[in-house]
Each structure stands twice: as C-alpha cells, then as structure tokens.
Amino acid sequence: MDRISTDEQRRLIEELGKLIAERAQSEESIQASFQARESTTRTQFGAERERLNANIQLEKSNAQAQHNSALATIATDYEKGVEAAIADHDQRFRDVSQDAASGIQAAKDECGLRKQRSQNAYEESVRDTKEALTEFKAKLGQHREELDDLNQSVEKQVLRKRSCLCLSRQLPKKRGVCDSAQPVANFAIELAAANETKLDFRSQWAPKLLIWECVIPLYLVSHIILAIVAYSYIKPPPGTDPEPFTWILIGAAGVLSLCLTAIVWVIIRQPAVRQTLDLYGQFQQHAANAEMSLDAARVLAVAEADQKRELRRGGLDREFMLAERGRDSQVSELQTQRETLLAEAAEALQDQRAAVAKDRDAKRDAINVRFEQQLKELQSSGKQRVEDFETRFEQELAASRETFERAWQRLIARWRGGLSDFQAALDLMKEYCGTRFPDWNATEWDKHESIDASLPALRFGNYGIGLQMFEGGVPQHEDLRPAAVDYTLPAVLSFAEHPTLLFEAFGEGRLTANQAIQNVMLRLLTSLPPGKVRFTIVDPVGLGQNFSAFMHLADFDEKLVTHRIWTESSHITQRLTDLTEHMEDVIQTYLRNEFKTIDEYNAYAGEVAEPFHILVVANFPAGFSEEAAQRLLSIVTSGSKCGVYTLISTDSKIELPRNFHLADLEANAAAVQWDGSRFHWVEEDIKDLPLTLDEPPSDDRFTEIIKTVGQRAKDAIRVEVPFSMVAPADDQWWSRDSRDGIDIPLGRAGATKLQHLRLGKGTSQHVLISGKTGSGKSTLLHAMIANTALHYGPDEVQFYLIDFKKGVEFKPYATYALPHARVIAIESEREFGMSVLERLDLELRTRGDLFRDHGVQDIKGYRDANPDAALPRILLIIYEFQVFFVHDDKVSHNAPLVLDRLLPPVPSSLCFVP
C-alpha cells in the first residue's frame, strides 16, 4: 500500500457516496425508462395497429370505389362513343354535302374567273404590246439623238480644223447600208464603230497637231531648253553687266525655238491632213449605216406588234371554250363523289358503333379481372403487413427488454465493481496495517523486524461506515443487494498530510487520549528501525506517570527519551527550543536546497540517516507559557519536513494561552474530539462515523516490548560505513601529492558528503582524539592510516607509529610491512617512545637547516625548487600517549619538552596524538 491516509479514506468514502447516488439514480432511471419505453411502445403500436387496419379497409374501399368508378367511366365512354359516332356521321354528311355544293360553286366561280383572267390577260397583252412599241420607239428616238449628238460632236471638231486642213465649210455624208433582219444589233455595231472613230481623233498624233494641241507645248519646251543651254555655256564678256546679257540670251532662245517649231510644222502637216480626212470618212460611213438601221428597226417593230395582237385574240376565244368544258366536268365529278362519300359515312357509322361496343366490353372485362387481382393483393398485403407489424412489435419489445437488461447488467457490474474496488482498497489498507502494526499479544517482538525506515502512516484505531448511512445506500432490488453493507476503515495518522495527532478531550476522555497516545508511541517504536525514533515527552499534569513505561528506554539509551519526561514550564520551553534548533540544523545542514523532506534525505543517507523526533504533549495547555505555545505551533506547522512529529492531547477545561487558537493546531493535524462518551473525527464529512481507538497492551506486555525495542536500539547505535566509500579506486592509488598538505576522507558526513581530515595548511597541523572506551577511536585511526597509505605513496607520506596498548592496534602494519612506516613501535616501553620523539626532533632541525640553505619556508617551496628531491611529510601517531606521564621520572619530564618543539605549527612534520 503506497498511500494510506485519512484524506485517501475520505476520498474513498466520497467515491462510495457518489457510487451509491449514481446507483440509486441509475436504478430508478433504468426501471422508469424501461417502463415508460414499454408503455410508449405498446401505446404507439396499438395506435399503429388501428391505423394499419383502418388503412387496409380504406384501401379495399378505395379499390371498390375505383372499380365502380371505372365501370361507370366505361359506360359513359361507350355512350359518348356512340354519340360521337352519330355526331361524326352527321357532321360528315353535312361536310360532304357542303363540300359538293362548295365544289360546284367553286367550279362555276373558277370558270368565270378563268374567263376573266383570259380577258384580262388579252387586254394586258395588248397594252404591253403597245407599251413595248412605244418604249421601242422612244428608245429608237434616244438612239437617233445619240447619233445626232455624235455627228454634231465630230463635225464640230472637224469644222474647227478646217483652216488647218484647208477643207470646205460643208462636208458631204455618204449613203449608208442596213441589215433588215437585225436592225437593232446592226445599229449598236455601227454606233460603237462611230464612237471608236471619234476616239481616234483624240488618240492619234495627226489630229492633235492640226488643232494646235502640241505646237505651243513644243515651242515652250524648246525655248526653255535653248535658254538653259545658252545660259550654261555662254558667259558675258568681262566688264559687262550680266542682267541685260541674260535677257538678250533669253530673247535669242525664243526666236530660235520659234523657227524650229515652224520647221517642224511644215514637215508634219501633209501626213496629218491625210490621216484626219480618212478618219472623218470612216465616221460618216458608220453614222449613215446607224441611221439606216434605226429606220428599219421602227418598221419591223410596228409589224411585230400587229401580229402579236391578232394571236392574242385567237387564244382568248380558246380559253373561254376550255373553261366552260372544265366547269361542266368538275360539277359532274363532284356529284358522283358526294354520293360515294355519303355511302362511306353510313358504313363508317356502323363500324364505329361496333368498335365502341367491343372496346366497352373489353375494358369492362379487364377492369373486373384487375379488380379481382387487386382484392387478392390487398388481402395478401394486409395480412403480410399485419404479420410484419406483429413481428416488429415483438422485436421492439424484445429490444427494449434487451436494452433494459444490458443497462441493468452494466449497473450491476458498475455497482459491484465499485464496491469491489472500495473493498479492495480497504483490504489493502487492512493488509498494510496488519503487516506494519501486528497484534500486541500475538507477535514475538524479539523476532519482529521493521519493514523499512519510512512510515507513511500509522494506525491508531478504526471507524465504521455502512451503506445505510447514505440515502438510498442499501438497494431494494435483490440483484443489487451486496453481501455486506458495513465496512471498517483503519484510523491512521498520515505524517505527510497531517504530521500531528490531536486529541481534544476533557474529563474521562483525557485518560483515553493518553492511552491512545501511548499506543501510537509504541507503534512508532515497533514500526521504525531500532534507534530511528526519539521522544520528547511533556506531561506536566501527570508528572510523567502517563508515560512512565517509556522510561525503560533510558536504561539502554537516554537519547531515546531525551533523558526524562518533562513537567516544569521552563523545561518544557527549553525542550521545545531544542527541537526548533534541531529543525533549523536539519534544514540548514542536511536538507538545504537538495532535499525537500527528511525522508528524501534519509533515502540517500543510508547508515547515517537522521532519526525521527516525536514530541508528545499530554493535557495541553497545562504547563505551557505563551512562548512555549507559539514554539509548539511552529513545530506542528514545519516539523514534518524535518522529521519532527507531534502527539497532543488537550484539556478543553484549561484556558488556552493568549493569542493561541486551537484551530491553528487542527489545520495541520488529524484531530479527534471527545463528546463525553467517545471520540469522533473533527472533520465535518466524517464526523458522524463511529471511531474506536486502539488500546495499548497490558503493562507487562508493554514493558516487555519496550525493553526489547530498547535493546535493539542500543545494538543499532553502532553505525558502520563500508571502507570502500572512502577508499580510492584501484587505479587511483598513490595518485595524490602532499606538497599542499594531506587530505584524507574518513567517513560519511550527511547523505551526499564525506568527512575529510585536512592537515598541512595554516594551523591545521595536529589532531587530538579523545573518547571513552568503545567510542571508535581505534577504528578512526585505522581508517586514517589505511586511507592515507592508499592515497599517498611512501615518497609523499611516512608514518611513525607508537602503540602503548600492548601492540594490539598497530601490529598488522608491522606484520604486513606497511611501506610508509619508518617506525612501528608495538609492545613499546616508554623509553623507546621517547627515542622516537627525539628522532623526530632531530629530523625537525635537519629540515630547518635544509630549508634555510635553499631559501625556502616549507616543504612545498623546497619541492617546487627541487622537483626531483624526495621529502615526504611525516605523520606521528601515538596511541595512548598519556603513558608518557604515568610515572614521575626522566621520560615524563623530557617528553613535554620534545612535544613542545614538535607541536607548534611547523609544516615539515605532523604529529597525531591520540
């Protein structure tokens, strides 16, 4: 059990309360939920069953209504079909008669319209012919005007050149010829040829020269060229004004160019005249031909128009005759078609009535078959739905019951598991208490061994708790009812949480409280390792009688009970002061900032672990001053960190010191209170739980246990530390240098440090060891000699060992030839010891001379100046050195003189005198 405390028990009780409340609530809610769900399911399924039956009947009624409606619809459709057939026949009769009458009338109308169209076409053709002739004549007039314009244009152009051509004023026209078959086409050809000849007048060179179109430009170009040439190549004579000369040149160039132009005109005039006359003759021929073609075209157009008019008149008569024939034929055909269509309509009426009747019978048969099938399907479907409904209802009820059963089983498992966990925690607590705190009378205390050096909790009684204490704690259902409803919890003092056990009593409760404290004290002695618990007992009222049995411990070791039981006020204050000083030493020396509590320190300290201190106070505040009360509060508040715990019983009838409140003690204590008949917890949440305090054993058994524990504590006082803790490792032997002194670890100093002996610096040159027999002087000497010999080689340290104890202690060093030992005096006489002192006195003078010769002050200076020189430090150890002075003789007189010379702080030699 790693953790047992009142707080842990309170947590378990709280969890038990939560478990009970959860169980009661779950039990009620599960059953209520199941009942409500089953009732809801039955109600829902009842309503759903009624709806299902109603739906089935409704579907059957709907099917029957649909069947009747379908039959009525078929009958109605039949009547409508017959009526429609008759109406259709009548309509067809009317349509055929109307169509025939319309056709006859249309034929007549079409005949009249055809005659009218033919008459209109004839008249339009005559008009078109006249209009075409008029347009043709107008076009011929335009062609004549165009020909006249062309003749006038050419004649005007030619007449303009008469002076140049030397022609007469009137030029005769030639007689034209015409193609009577195609006068219009011939006119177009001749007109195009005349236009082409007109264009030749503009494009050929001869006509252009004749109309002075090229003479003037020729004159200007030749004048400019001659002027430029003359100006470029002809310079004015020197001394002549250039401007008049320039004008002369320009005038000369003009005259010369005029002459050249006249020469050219004379040369080209005759060819130009001939070419112009030829072109004009061609033009006159084409113009005459075109004019003849126009006259022929006019005559031909008038003849063609008369011919077309006659042809149209004959066609009009034929169109009238054909229209009348077509009208008669179409009327006869329409009469025949009307009779045929009326016969077909009567036959179609009979067929349509038969088809409607047949369709009616077929639909009625199909409706009847479908209705029978629908009824069967509705019956089958209704039956299946009812069966499915019943199955689903049973499944729903089964699922509801299964859900309830699962929830119920989970509740049972959770309830039993919670009780099992609670019982298991109690069993662990009881097992822990049974192991650590066995029965006083059934245990062989001379063989009983404590488990370890720590004690997380200590039992001082027990208290009970029952399920009936909780509302709804005992379940009514048989499945949930546990085998046991009452439980017993050990009442414990948890030092980590509540380092103080406080009994608040009065009257008879004071005796019960003191007995409980005795029981707790005895449990501490038997549960912790021997010698690891010490008591400071304060009993001012009982004068020590309440705890007198514990004074047997003083017979073995007075420190176990701090010598006595304290009753006086001054002594109480002093003892409390001692405890607070002890707490200060623990905090400043052992804990510091390395350890939080004394338990952590002891886990590291091992053999040198600090014992626990238990302050026991009976009938507080009797004998307590105000100062003592405040120191008590300080111990209660901070003592657990330093391993100081408190057991207190109070007398509520005694007034508390000033400025002191009992609640300050209760804040750090496991507090119980006397109610006049029994003790109960002070805490409100467990106050009502019945508390029973453990009683100490009988007086004889109590004394026997106390003596057994005292003897074990006496045997355990001897602390042994293994030599390996201070000895160097095998590869570190003889590795140290003694120039700066000797540093020898002798043993443990606290949990993490070693205690060293340092000699050779300042005034740390000599050591005196004293102690009573059995205090460990010899062990200390051997540890010092052996560890020095392991750390320093023979060239660093030499021993002079004198043993006046009959050779018992130093004989092994002689037997095994310790290499560091220059002298080992065993079973020595006083005179031999005196000779060793005189030898060291001589060595002292020799080294003094050596240092002066080398100008140094000590061994370090000499060895630094002479690295290769060997000069070890000397350690003189005299065991039982008082033997030098047991007789009043020469040795006792000379020994002090030699020791006076050796003992002053001279670093060349060391003297160790036990």
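Residues numbered from 1 in each chain as written. Predicted model: local features only at pLDDT ≥ 70, side-chain atom pairs only at ≥ 80, totals over all residues. Heavy atoms only, no water.

Undergrad: I keep staring at the overall build of the protein chain and nothing clicks. Help me out?
TA: The number of helices and strands found in the protein chain is 17 helices and 17 strands. Across the 914 residues of the protein chain, 40% fall into the buried class. Considering only intrachain contacts with a sequence separation of at least 6, the fraction spanning at least 24 residues in the protein chain is 79%. (Helix = DSSP H or I, 4+ residues; strand = E, 2+ residues; numbered from the N terminus. Buried < 20%, exposed > 50% of the residue type's maximum accessible area, 1.4 Å probe, protein only. Contact = heavy atoms within 4.5 Å.)

Undergrad: In this structure, what is going on with a nonpolar patch on the surface? I would like to understand it.
TA: Taken together, the side chains of Leu256, Leu260, Ile263 and Ile267 make up a nonpolar region of the molecular surface, amounting to roughly 380 Å² of accessible area. Its place among the elements puts Leu260 in helix 6 (residues 242-436). Judged by relative accessible area, which is 40%, Leu260 ranks as partly exposed. (Patch = residues over 30% accessible without salt bridge, like charges linked within 9 Å, V, L, I, M, F, W, Y side chains within 5 Å. Areas by Shrake-Rupley, 256 points an atom, 1.4 Å probe, with all protein chains shown as cover. Salt bridge = Lys/Arg side-chain N within 4 Å of Asp/Glu carboxyl O.)

Undergrad: Where do I start with the pattern of salt bridges in this structure?
TA: Pairing between side chains of opposite charge can happen when the charged atoms of each approach one another. On inspection of all chains with the given rule, the structure shows 20 salt bridges. Here Asp359 makes a salt bridge to Lys363, at a shortest N to O gap of 3.3 Å. Of this pair, Asp359 and Lys363 are both found in helix 6, 4 residues apart, which corresponds to roughly one turn of the helix. For Lys363, a relative accessible area of 37% translates into the label partly exposed. With a shortest N-O distance of 3.2 Å, Glu704 and Arg701 are connected by a salt bridge. Linking Glu704 with Arg701, this pair stays in helix 12 (residues 699-716), spanning 3 residues, or about one helical turn. Take Glu704: its relative accessible area is 43%, and that puts it in the partly exposed class. What makes Arg701 buried here is its relative accessible area of 16%. Counted as one network, the salt bridges with shared partners bring together Glu8, Arg11 and Glu15.

Undergrad: Just checking my understanding: could you explain the sheet that holds strand 7 (residues 644-651) for this structure?
TA: Remark on secondary structure: sheet strands pair via backbone hydrogen bonds, oriented parallel or antiparallel. One open sheet holds the 7 strands; their spatial order is 5-4-6-7-3-8-9, and the pairing between them is mixed. For this open sheet the edge positions go to strand 5 (565-566) and strand 9 (679-681), each flanked by a neighbour on one side alone. Judged from the 3 bridges that link them, strand 8 (residues 669-674) and strand 9 form a sheet pairing that is antiparallel. Each residue of the ladder has a partner; that of Gln673, found in strand 9, is His680. Packing of helix 7 (residues 509-527) onto the sheet brings it into contact with strand 3 (500-505), strand 4 (533-538), strand 6 (612-620), strand 7, strand 8 and strand 9, and relative to strand 7 it is tilted by some 165°. Strands in contact with helix 10 (residues 626-638) are strand 3, strand 6 and strand 7; relative to strand 7, the strand with the most contacts, it is inclined by about 130°. (Pairing = 2+ DSSP bridges. Axes fitted to C-alpha atoms, helices over the stretch in contact; angles between N-to-C directions.)

Undergrad: Which parts of the structure should I look at to understand the side chain of Asn514?
TA: Of note, Asn514 is situated in helix 7. Look at Asn514 and you get buried, because its relative accessible area is 4%. Excluding residues that lie within four positions of it along the chain, Asn514 makes contacts with Asn546, Phe547, Ala618, Asn619 and Ser649.

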